[in-house]
Amino acid sequence: MQTVKMVISGAVNAGKTEFIRSISEIEVVSTERRASDDTKLIKKETTVAMDFGRIAVADDLVLHLFGTPGQKRFDFMWEILSEGMLGLVVLVDSTRPETFRETNRIIEFFTSYRDTAYVIAANKQDRPNAWSPDELRLALRQPPHVKVLPCVASERESVKNILLELLYVIMQRSED
Amino acid sequence: MALVGNIRDFGLSDFLYLVDRGYKTGCLHLSRGDEQAILFFEKGKLIYAARREGEQLGEMLIRQGKLTPEQLEQARQVQNGNTNGMTLTQIILSENMMSQEDLQQTLQTHTEESVYGLFGWPDGEFRFEQGQKPDLNEPVMPIPLPVENLIMEGVRRIDEWGRIKDRIPSTDMIVRFLDQPGAKAKGVKLSPEEWRVFARINGKDTLADIAQKTNLSEFDVCRIVYGFVTAGLVDVVKKPRPAPLTSSSRGAQPMEMPRIKKSLVSRIINRIRGM
């Protein structure tokens, strides 16, 4: 059995758990506990360890989806999760510009020393005052070749589209 | 839809960059306590800004001695009788009450002063209304103003590390030019101190190196480079990690991701398409 891994990252409350939940074939394994710091101002329960989802591709191939911890104090997990990953989805809450700096920090972490295949998912596009993908590209200073895609993490089709776009990026880099 | 936020989280210079690169047209409303400001943009360039809402072009030009009250009254009569939607700016020029150069200079100074003070706001709510245009009576500049110089001037007023650290977390980072800095740099006016730093950028030296070579403080170099970054002239990147010395590796390279077979990716794509 071969397993491959994708990492879903983003700032606190970007929608990582919901993203994985929308596509995973198993009940998402999530270590949710009552938040003990300022994240409880954003949501009552927040991810303090990680989320895990799974998609069986075939009898001999499984895709694992790992959601990174949102809070800074769990940065050390990012290094572990990024080892051997196929690609990365960076989720951004398009309605909260106060999280853009943290999003940049995450992108910088995952891409500075690795040639990481990644896409940016502009989540919560169904909300009023959501910044458009084009505006997010400028706000996050992303070059034109990086895909910044509209996303609603609660909708399976939207999540499928994000994963497919990431896979197309990975396909371009893969070997025959 | 409006873009909303707080300049504590998304700075004014960042917003100007977004407006410039996104060729935005609309009005940026800023408020902090009792203070308010509005900035109108057209296709990424600033056409009008004011800290005191409500002051109209005519009153401002009278206050500055550029127009007499009689001339203003005459211009308004022309405007009222005109059905083509001409702005007061256009009428003042068409009636030869002021030269375009004089009007531009007066309005540009007023606009720049209005914006520079905003860079001192540590926080403040912003709302960008896309497509909103100024009233016909508002003092729109005949020639729209590129924002790069506003960004540079705003950055010159930064006196704390906090905002700089967002883009330049360490002085051990390398400064490099973007693909075509020459074209963009033409419109930016640099101070002699900024030129000293600009001339030292070579894609190899760190900010600390540049500080040493220019005899400027690390803070000054970082502040100046932060301005270049925000104006879209340069980029800062982490210094490459030294690679282990082996016979096959000379120099630092990014860590390679595992090579993946196309056939494997294709299987995953087909599976997800079918979900």
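Please refer to the structure higher up on the page.
The shown structure was predicted, so the numbers you read here are calculated from the model rather than taken from an experiment.

Is there a simple way to explain the overall build of chain B in this structure?
Counting secondary structure elements, chain B contains 12 helices and 7 strands. Scored against the burial criterion, the 275 residues of chain B give a buried share of 47%. The contacts in chain B between residues at least 6 apart in sequence include a share of 72% that link residues at least 24 apart. Per element, the accessible surface of chain B, about 13,900 Å² overall, is 47% carbon and sulfur.

Just checking my understanding: could you explain the overall build of chain A for this structure?
Counting secondary structure elements, chain A contains 5 helices and 7 strands. Walking chain A from its N terminus toward its C terminus, one meets helices and strands in the order β-α-β-β-β-α-β-α-β-α-β-α. When burial is assessed residue by residue, chain A has 59% of its 176 residues classed as buried. Carbon and sulfur atoms form 50% of the exposed surface of chain A, whose accessible area is close to 7,300 Å².

When you look at the side chain of A:S158 in this model, what are you seeing that I'm missing?
Assignment of secondary structure puts A:S158 in helix α5 (residues 156-173). Discounting residues that sit within four places of it in the chain, A:S158 has contacts with A:P150, A:C151 and A:V152.

Is there a simple way to explain the packing of helix α1 (residues 16-23) of chain A against α5(A) in this structure?
All names here are of chain A. The contact between α1 and α5 brings their axes to 9 Å, and the two run at 95 degrees. The angle between α1 and α5 falls in the class roughly perpendicular. On α5, the residues that touch F19, S22 and I23 of α1 are R156, V159, K160, I162 and L163. Class assignment for the residues of the contact of α1 with α5 results in 5 nonpolar, 1 polar and 2 charged.

What is the right way to look at the interface of chain A and chain B in this model?
By a widely used convention, the size of an interface equals the accessible area lost when the partners come together. Across the contact, 48 residues belong to chain A and 44 residues belong to chain B. Of the charged contacts in the structure, one is a salt bridge between B:D14 and A:R141, with a shortest N-O distance of 3.3 Å. At the boundary of chain A and chain B, one finds 16 residue pairs in polar contact (both at pLDDT 80 or more). Broken down by secondary-structure element, the contributors of at least two residues to the side of chain A that touches chain B are β1 (2-10), β3 (45-58), β4 (61-67), α3 (100-111), α4 (133-139) and α5 of chain A. Class assignment of the residues belonging to the side of chain A that touches chain B gives a composition of 24 nonpolar, 8 polar and 16 charged.

I would appreciate a short explanation of the pairing of strand β2 (residues 26-32) of chain B in the present structure.
On a regular strand, each side chain points to the face opposite its neighbour's, so the side chains alternate between the two faces of the sheet. Residues and elements named next belong to chain B. In terms of residue burial, β2 counts as a mostly covered element, since 5 of its 7 residues are buried. Sheet topology note: the β2/strand β3 (residues 35-42) ladder contains 7 bridges and is antiparallel. Residue pairing in the sheet places L28 in a bridge with L39 of β3. In sequence, β2 turns back onto β3 through a hairpin of 2 residues, with G33 there showing a positive phi of about 60 degrees. In terms of strand pairing, β2 meets strand β5 (residues 125-130) through 6 bridges, oriented antiparallel. Bridged to S31 within β5 is E125.

I would appreciate a short explanation of the sheet that holds strand β4 (residues 45-50) of chain B in the present structure.
Through backbone hydrogen bonds, the strands of a sheet pair up, either in parallel or in antiparallel fashion. All names here are of chain B. As summarised here, the arrangement of the 5 strands in space is β1-β5-β2-β3-β4, forming an open sheet in which the pairing is antiparallel. Lying at the two open borders of the sheet, with one neighbouring strand each, are β1 (3-6) and β4. Sheet twist, expressed as the average angle between the axes of neighbouring strands with direction ignored, equals 15 degrees. The strands touched by helix α5 (residues 100-116) are β3 and β4; relative to β4, the strand with the most contacts, the crossing angle is about 75 degrees.

Just checking my understanding: could you explain the side chain of B:S13 for this structure?
Residues and elements named next belong to chain B. Relative to the assigned elements, S13 resides in helix α1 (residues 12-21). A relative accessible area of 4% means that S13 is categorised as buried. Residues within four places of S13 in sequence aside, it is in contact with F119, I151, Y226 and T230.

So what exactly am I meant to see when it comes to α1(B) here?
Side chains that are three or four residues apart share a direction in an α-helix, a result of its 3.6 residues per turn. Residues and elements named next belong to chain B. For α1, the buried fraction is high: 9 of the 10 residues fall into the buried class. Within α1, the full set of buried residues consists of L12, S13, D14, F15, L16, Y17, L18, V19 and D20. Note on α1: the residue one or two positions beyond its end, Y23, has a positive phi of about 50 degrees.

Would you take a moment to explain the packing of helix α2 (residues 75-82) of chain A against α3(A) for this structure?
The geometry of a pair of packed helices is captured by two quantities: the angle between their axes and the separation between those axes. All names here are of chain A. At a minimum axis separation of 11 Å, α2 and α3 run at an interaxial angle of 40 degrees. The angle between α2 and α3 places the two elements in the oblique class. Where α2 crosses over α3, the two elements pack in a sense that is right-handed. Along the contact surface, α2 presents D75, W78, E79 and S82, while α3 presents E102, R105, I106, F109 and F110. Within the contact of α2 with α3, the residues separate by chemical class into 4 nonpolar, 1 polar and 4 charged.

Teacher, can you tell me more about the pattern of salt bridges here?
Two side chains with opposite charge may pair up if their charged atoms get near one another. In total, this model carries 22 salt bridges over all chains according to the counting rule given. Between A:E157 and A:K160 there is a salt bridge, with its nearest N and O atoms 3.4 Å apart. Pair noted here: A:E157 and A:K160 are both in helix α5, with a separation of 3 residues, about one helical turn. Where B:K66 meets B:D102, a salt bridge forms, and the shortest distance between an N and an O atom there is 3.3 Å. Placement of B:K66 in the loop between α2 (57-63) and α3 (69-81) and of B:D102 in helix α5 is noted, with a sequence separation of 36 residues between them. Using a relative accessible area of 31% as the deciding quantity, one classes B:K66 as partly exposed. Salt bridges linked by common partners bring A:D93, A:R96, A:E98 and A:K124 together as one network.

Conventions and cut-offs
- Residues numbered from 1 in each chain as written.
- Chains lettered and ligands numbered in written order.
- Predicted model: local features only at pLDDT ≥ 70, side-chain atom pairs only at ≥ 80, totals over all residues.
- Heavy atoms only, no water.
- Helix = DSSP H or I, 4+ residues; strand = E, 2+ residues; numbered from the N terminus.
- Buried < 20%, exposed > 50% of the residue type's maximum accessible area, 1.4 Å probe, protein only.
- Contact = heavy atoms within 4.5 Å.
- Areas by Shrake-Rupley, 256 points an atom, 1.4 Å probe, with all protein chains shown as cover.
- Axes fitted to C-alpha atoms, helices over the stretch in contact; angles between N-to-C directions.
- Parallel < 35°, antiparallel > 145°, perpendicular 65-115°, else oblique.
- Nonpolar A, V, L, I, M, F, W, Y, C, P; charged D, E, K, R; others polar.
- Salt bridge = Lys/Arg side-chain N within 4 Å of Asp/Glu carboxyl O.
- Polar contact = N/O pair within 3.5 Å; in protein donor to acceptor, adjacent residues only side chain to side chain.
- Pairing = 2+ DSSP bridges.
- Left-handed = near helix turned anticlockwise from the far one by under 90°.

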